[in-house]
Amino acid sequence: MVGANFMGLFAIIFGPLIIYPLAGLAWLSIRTKDGNVSLAPFAHFFSDAQSIAIVRTSLEIVIASAGLATTIGVILAALLFYLPFRGSATLVRLMELFVAFPSFLVAFTLIFLYGTQGSVNVFLVDSLHLSRPPIDFLYGFGGIVFAQMIYYIPFVVRPTLTALTLIDERVVEAARSLGASPLMVAWRVVLPLALPGIVAGSILCFLFIMNEFGILLVLGSAKLVTLPIAIYSAATIDLDLQTASTQAVVMLIASLSVFVVYRRVARSGSRSHTRG
Amino acid sequence: MVAGNSSRAAAPEEHELSPAREKGIGVRVANLTVVLGGRVVLDDLSVDVERGEFVTVLGNSGCGKTTLLRYIAGFVPSPNGKVWIAGREVTEIPPHRRNIGLLYQNYALFPHMAVFENVAFGLRARGVPTAEIGPKVTSALRSVRMEEFERYRPAQLSGGMQQRIALARALVIKPEILLLDEPVSALDANLRAAVRTEIKLLHKAMPELTVIYVTHDRDDALMLSDRVMLLREGRIAQMGTPQELYDRPRDRFVANYLGLSNFLSPAAIAKSLPGLDHARDEKDGHYCIRPESFRLDGGGPGRLAGEVARCEWHGSAMLLAVETGESGAETILVETPRRGSVPAPGDRVVMSFSPEDCVFVRE
Amino acid sequence: MAKRRIPWLAILRFLTGATVLWLFAVPAVVVILSAFASEWIASVFPTSFTLHWFNEIDASDWAAVITSFEVAAMVASLGTILGVWLALSLNRFERRRVGGILDALIMVPNSVPSVVLGLAVLLAYHTPPLNISSSWAIVVLVQTALVLPFCYRMNAAALKQEIPVFREAGASLGAPPAMVVRRVVLPLLEPAIRASVALAFAFSLGDLGATLMVYPPGFSTVPIVVIEDVERGFYYRASALALILLTLSFASLMFLAGRSRGKKVAAVVGER
């Protein structure tokens, strides 16, 4: 009975939705143009200057976005947790609901705000009497990083808040009663205890930013090609499924590696909590 | 008499398996070993419980008592253990066909069902016709005095009320055995005594029902049980009636678990009570004397002198810590009623005792 | 002489609130304003408002809205059903190695880029005998794969935490496993099921990457139309459509999931 259930699971879920497509992708990626099986496409990919530039751009964007999102997210979470005010609970709920906002739409709204004719620029030009709109980074590296940072901050705030809630208040109180200043408590008690959750959240944030597409599509340009855009162009515009699948497998392996790291960190973090 | 006690205490490990008595087997467990997470939780445990018997499984946390209970219920696997319920071997039978009643520590009432539905659940599972379910549920609730609360949700009831509902739910299906997992541990002292009495009365009203009651509290064991099974690290330390465990503990662990005790070396006893069996060496063990066995009016043959160090009031009696032996090396706890003159710290007293009060226990 | 103390804490509180509002409320405000704006150039706020853009939405765009809705409904139902099935099946394996591997496998679609998954699904299903690349089925399939990890996770978490003791209680009372699932587990899973349906629905409505890779000719969803409009410079019309999309998403979150999820985290913050 259990066996039949599992066969059903594999036949309906694991097989058609996950294993079969990804296996097919991997299969195609190692076929050369004349149909032979080899790793030549990958070799070609890693030796091609253009591909390497694409990978480097993608990495730079991801690291910058994830770094900013993590830093600001952790600070924001700490502020929300330790300095509550009337309405801060509603704000957190607002952040939770933000997950329904598609990422490409966020990028789109930024055009209205930070584009050359956008509200913020108009406001700054008018009030500071500038000759040119000061904010002009939207369609480049800065804009993409900014948009991704905005969209993914909640992904860091949420696990950080959870990590902070899980800290036993009495431990913090004990530290205060022993005479520790708030800074010392934060640095020596709260941060170490919350760190596993924070690290897990930031790795997850890194992973999600790696997989982001919509923002890149809206704000990207011909000069700023990233790997997901390259895959998309190769497949739908150039109709070169072979190249696309090679690039896709490179992304697949990168993503899965980060995912494995995330699981390790999340597992060990939760274990240390349940031990208490 | 002391020799008789000690010979029992000195007997080798004996399993409590005995031939089935007239009433039949309520629960039998044979050679149960359970290993969880690399740790041996139960070690080759075998026990017989008579039908209708009330057995308390006693022990500290981690001794395996809850695991034993869950094994009998069928939720813990074991590679080689066997279990019988009401004479029927159920080792391979899943929990829902064992006809058991299980009471959880936090009651586990279904939060999404009203009280009536909770109690009716077991009856529905057995395919009892709808027409009969109503009267059975009402009668079960009446037996725990909760019949007005049929339409309430568990969340609207207090802990004590929820527990009674859980009891009704378990008993309405007329199980062969009732398994209780620390039912009074979370209650305050007054409520605990009341619930214990209720459980005892319930058991009296159902003499065919075998009850296995898991607890760490010795008062539960002393008050409720026909027999007590004291577990230690997965093995039976001693099993017998509460009186047997209290008056004739087999070793120091049992003695300490069942109540306050004093342990006197054979040499010290030899000095104070001539005529006792002196062939004992301190390496084998000590003599255990309960605090209430000492008298301060010089009544018994044995005598020990000392100075009162502390006086503690324990409600109905006073507990004195008396220093005795060479330069006050040993402290004896003596229980004495509050009536009459009670010694104060600094007084010198003579404690007398009788040979019947001394039990030789191993370490 | 008393020194005027700078209210650092109050300033920090204000900054926090302002930052959160700016980052997370303003985008929605922008969409609303631009959807109703008739002119918004060289000014901080629109200078005049109109319903013009909504009237400009023609039949094909409405078809995209309806398609988005239908696909989302299918994906949400399918994803939840499969997710609950997976959660129930894998519940017994929580400690063993097999369970960990399967759990990781389920999370894979969540940990790879949507375009990669889209490409993989396209490759797998565009040749006979498994050719569904010319129908909406391929879109439903790829989006179901995307939401499956969420749906599984939510239900598996509820099963692992609150429900085991009630499953046992049901079994101890004599109910066979099927009856326990029907009368105890599923009712108790209701909050998780609702949350998973709502989240899958919102996620499907807003998906771009995977849908762009697999969608058949003639097929359109709101994100696709919005992107096309943005690329052609029709910003206001894009906003109008996007507002419809947002309204549907938020409505599903509020209606289906109720107040439980957001409130849990919010309650934590409020309790302090």
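These figures come from a predicted structure and were not determined experimentally.

Asks: In this structure, what is going on with the overall build of chain A? I would like to understand it.
Replies: Looking only at helices and strands, one finds twelve helices and zero strands in chain A. With the C-alpha coordinates of chain A rotated into their principal frame, the extents come out at 75 × 70 × 35 Å. For chain A, the proportion of its 276 residues judged to be buried stands at 50%. Long-range contacts, defined here as pairs at least 24 residues apart, represent 68% of the contacts in chain A between residues at least 6 apart. Accessible surface computed for chain A: about 13100 Å², of which carbon and sulfur atoms make up 68%. Of note, chain A has its 16 positive side-chain charges centred 11 Å away from the centre of its 12 negative side-chain charges.

Asks: What's the story with the pattern of salt bridges in this structure? I'm lost.
Replies: It is possible for side chains of opposite charge to pair when their charged atoms get near one another. Residue and element names in this part refer to chain B. Overall, the coordinates contain 20 salt bridges over all chains when judged by the stated rule. Between glutamate 117 and arginine 124 there is a salt bridge; the shortest N-O distance is 2.9 Å. A relative accessible area of 25% places glutamate 117 in the partly exposed class. Taking the shortest distance from any N to any O, the salt bridge between glutamate 132 and lysine 136 comes out at 3.5 Å. Separated by four residues within a single helix, glutamate 132 and lysine 136 lie in helix α4 (residues 130-143), roughly one turn from each other. Residue class for glutamate 132 comes out partly exposed when judged on its relative accessible area of 38%. Under the relative-accessibility criterion, lysine 136 is labelled partly exposed at 35%.

Asks: Would you explain a nonpolar patch on the surface in this entry?
Replies: Judged by side-chain polarity, C:Ile6, C:Trp8, C:Leu9, C:Ile11, C:Leu12, C:Phe14 and C:Leu15 come together as a nonpolar surface patch covering roughly 750 Å² of accessible area. Inspection of the secondary structure puts C:Leu15 in helix α1 (residues 8-24).

Asks: What is the right way to read the packing of aromatic side chains from this model?
Replies: Given two aromatic rings, their pairing is described by the distance between the two centres and the angle made by the two planes. Evaluated as defined, the whole model comprises 26 aromatic pairs over all chains. With a centroid separation of 5.6 Å and an interplanar angle of 80°, the aromatic rings of A:Tyr20 and C:Tyr125 are classed as edge-to-face. Within this pair, whereas A:Tyr20 is found in helix α1 (residues 2-29), its partner C:Tyr125 is found in the loop between α6 (114-124) and α7 (137-161), the two belonging to separate chains. Residue class for A:Tyr20 comes out partly exposed when judged on its relative accessible area of 38%. Site record: aromatic cluster; members linked through ring pairs are A:Phe98, A:Phe101, A:Tyr151, A:Tyr152, A:Phe155, A:Phe208 and C:Phe24. The lysine or arginine in question, B:Arg151, covers the ring of B:Phe116, its NZ or CZ lying 5.5 Å from the ring centre. Of note, B:Arg169 hangs over the ring of B:Phe110, and the distance from its end group to the ring centre comes to 4.8 Å.

Asks: Just checking my understanding: could you explain the sheet that holds strand β3 (residues 54-58) of chain B for this structure?
Replies: Within a beta sheet, neighbouring strands are joined by backbone hydrogen bonds and run either parallel or antiparallel to one another. All names here are of chain B. Taken together, six strands build an open sheet; the order of strands is β6-β7-β8-β3-β9-β10 and the sheet is mixed. With partners counted over all chains shown, the strands left at the sheet margins are β6 (100-103) and β10 (235-240), one partner each. Strand-to-strand twist in this sheet, taken as the mean axis angle between neighbours without regard to direction, amounts to 15°. Relative to strand β9 (residues 227-232), β3 is paired through four bridges, and the arrangement is parallel. Each bridged residue has a counterpart across the sheet, and for threonine 56 the counterpart in β9 is valine 228. Each of β3, β6, β7 (177-181), β8 (210-215) and β9 is contacted by helix α2 (residues 65-73), which is oriented at about 150° to β7, the strand it contacts most.

Asks: Sorry, what's going on with the interface of chain C and chain A here?
Replies: Bring the parts together and some accessible area is lost; that lost area is often taken as the interface size. Each side of the interface is counted separately: chain C has 93 residues, and chain A has 83 residues. A combined buried area of about 7700 Å² lies between chain C and chain A, and 81% of that area is made up of carbon and sulfur atoms. Where chain C touches chain A, the interface holds one salt bridge. Residues that form the side of chain C that touches chain A fall into these classes: 66 nonpolar, 19 polar and eight charged.

Asks: Honestly, the interface of chain B and chain C in this entry has me stumped. Any pointers?
Replies: Taken residue by residue, the interface counts 23 residues in chain B and 17 residues in chain C. Counting each side, the surface lost to burial between chain B and chain C is near 1700 Å², with a carbon and sulfur contribution of 71%. The largest contributions to the chain B side of the interface with chain C come from B:His96, B:His112 and B:Phe121, which together make up 33% of the buried area. Along the contact surface separating chain B from chain C lie one salt bridge. Two residues, B:Arg70 and C:Glu168, come together in a salt bridge whose shortest N-O distance is 2.8 Å.

Asks: Mind showing me how you'd approach α1(C) here?
Replies: Along an α-helix, residues three or four positions apart point the same way, because every turn accommodates 3.6 residues. In a regular helix each residue adds 1.5 Å, so 17 residues correspond to 24 Å; α1(C) covers 24 Å between its end C-alpha atoms and thus fits that length. Along α1(C), the positions that sit buried rather than exposed are C:Thr16, C:Gly17, C:Val20, C:Leu23 and C:Phe24. Burial along α1(C) is one-sided: seen end-on, the buried residues are contained in an arc of 145°. Residues of α1(C) that are exposed and angled more than 90 degrees away from the buried face: C:Trp8 and C:Phe14. The elements touched by buried residues of α1(C) are α3 (49-82), α4 (88-97) and α7 (141-166) of chain A together with α2 (26-35) of chain C.

Asks: Would you mind showing me how to read helix α6 (residues 119-128) of chain A here?
Replies: Every buried residue of α6(A) is accounted for by A:Ser119, A:Val120, A:Asn121 and A:Val122. Here the buried face of α6(A) lies against α5 (103-114) of chain A together with α1 of chain C.

Asks: Explanation requested: unusual backbone geometry in the structure shown.
Replies: Of all residues except glycine, most have a negative phi; of all peptide bonds, most are trans. In this structure, A:Leu239 takes a positive phi of about 55° despite not being glycine. Locating A:Leu239 in the fold gives a position in the loop between α11 (227-237) and α12 (241-275). Its relative accessible area of 66% is what places A:Leu239 among the exposed residues. Residues other than glycine seldom take positive phi values, yet B:Asn99 does so here, at roughly 60°. Following the sequence through the fold, B:Asn99 ends up in the loop between β5 (88-89) and β6.

Asks: Looking at this model, I keep getting lost on the arrangement of the chains. Mind explaining?
Replies: Here two pairs of chains make contact, and the pair sharing the most contacts is chains A and C. Between chain A and chain B there is no contact, and the shortest C-alpha to C-alpha distance separating them is 14 Å.

Asks: Before we go on, may I ask you to explain the environment of A:Leu97 in this structure?
Replies: Tracing the chain through its elements places A:Leu97 in helix α4. A C-alpha to C-alpha distance of 9.9 Å links A:Leu97 and A:Pro154, two positions 57 residues apart in sequence. Dropping the residues within four chain positions of it, A:Leu97 is found in contact with C:Phe250, C:Leu253 and C:Met254.

Asks: Would you mind going over the confidence of the model for chain A with me for this structure?
Replies: Interpretation of this model should avoid reading the predicted coordinates in detail wherever pLDDT is low. Model confidence for chain A is summarised by a mean pLDDT of 84, while 96% of its residues fall at 70 or above. Here α6(A) stands out as the element of chain A with the lowest mean pLDDT, 78, in contrast to α3(A), whose mean of 91 is the highest.

What counts, and at which threshold
- Every chain begins its residue count from 1, and numbering advances along the sequence as written.
- Note on labels: chains are lettered from A, ligands numbered from 1, in written order.
- pLDDT decides what is reported in this predicted model: residues at 70 or higher carry local features, side-chain atom pairs at 80 or more are listed and counted, and totals for whole chains, interfaces and linings draw on all residues regardless.
- Note: side-chain values were computed over all heavy atoms of the structure, leaving out hydrogens and water.
- Going along the chain from the N terminus, every DSSP run of H or I of four or more residues is numbered as a helix, and every run of E of two or more is numbered as a strand.
- To sort residues, take the accessible area from a 1.4 Å probe on protein chains only and compare it with the maximum for the residue type: under 20% means buried, over 50% means exposed, and anything in between is partly exposed.
- Between two residues, a contact is recorded if the distance between any of their heavy atoms is within 4.5 Å.
- The method behind every accessible area is Shrake-Rupley, applied with a 1.4 Å probe, and residues are considered shielded solely by the protein chains displayed.
- Note on charges: Lys and Arg go in the positive column, Asp and Glu in the negative column, and His and the chain ends are not counted at all.
- Lysine's charge is taken at NZ, arginine's at CZ, aspartate's at CG and glutamate's at CD.
- Each salt bridge in this description consists of a side-chain nitrogen of Lys or Arg and a carboxyl oxygen of Asp or Glu lying within 4 Å of one another.
- Patch criteria: residues need more than 30% relative accessible area and no salt bridge. Like-charged residues are merged within 9 Å; nonpolar side chains of Val, Leu, Ile, Met, Phe, Trp and Tyr are merged within 5 Å.
- Working definition: a ring pair exists when centres of Phe, Tyr or Trp rings (six-membered ring for Trp) sit within 6.5 Å. Plane angles under 30 degrees give stacked, over 60 give edge-to-face, the rest tilted.
- Placement of a charge over a ring requires the Lys NZ or Arg CZ to be within 6 Å of the ring centre, with the centre-to-atom vector within 35 degrees of the ring normal.
- Note: two strands are recorded as paired if DSSP finds a minimum of 2 bridges between them.
- As a rule, the C-alpha atoms of each element are fitted with a line to give its axis, helices using only the stretch in contact, and angles between N-to-C directions run from 0 to 180 degrees.
- Put simply, buried area is the surface a 1.4 Å probe can reach on two separate parts but cannot reach once they are joined, added for both.
- In this classification, Asp, Glu, Lys and Arg are treated as charged, Ala, Val, Leu, Ile, Met, Phe, Trp, Tyr, Cys and Pro as nonpolar, and every other residue, Gly included, as polar.
- Between the first and last residue of a helix there are one fewer steps than residues, each counted as 1.5 Å, and that sum is the expected span.
- Throughout, the arc means that of the directions going from the helix axis to the C-beta atoms.
- Every residue is assigned a pLDDT by the predictor, reflecting its confidence on a scale from 0 to 100.

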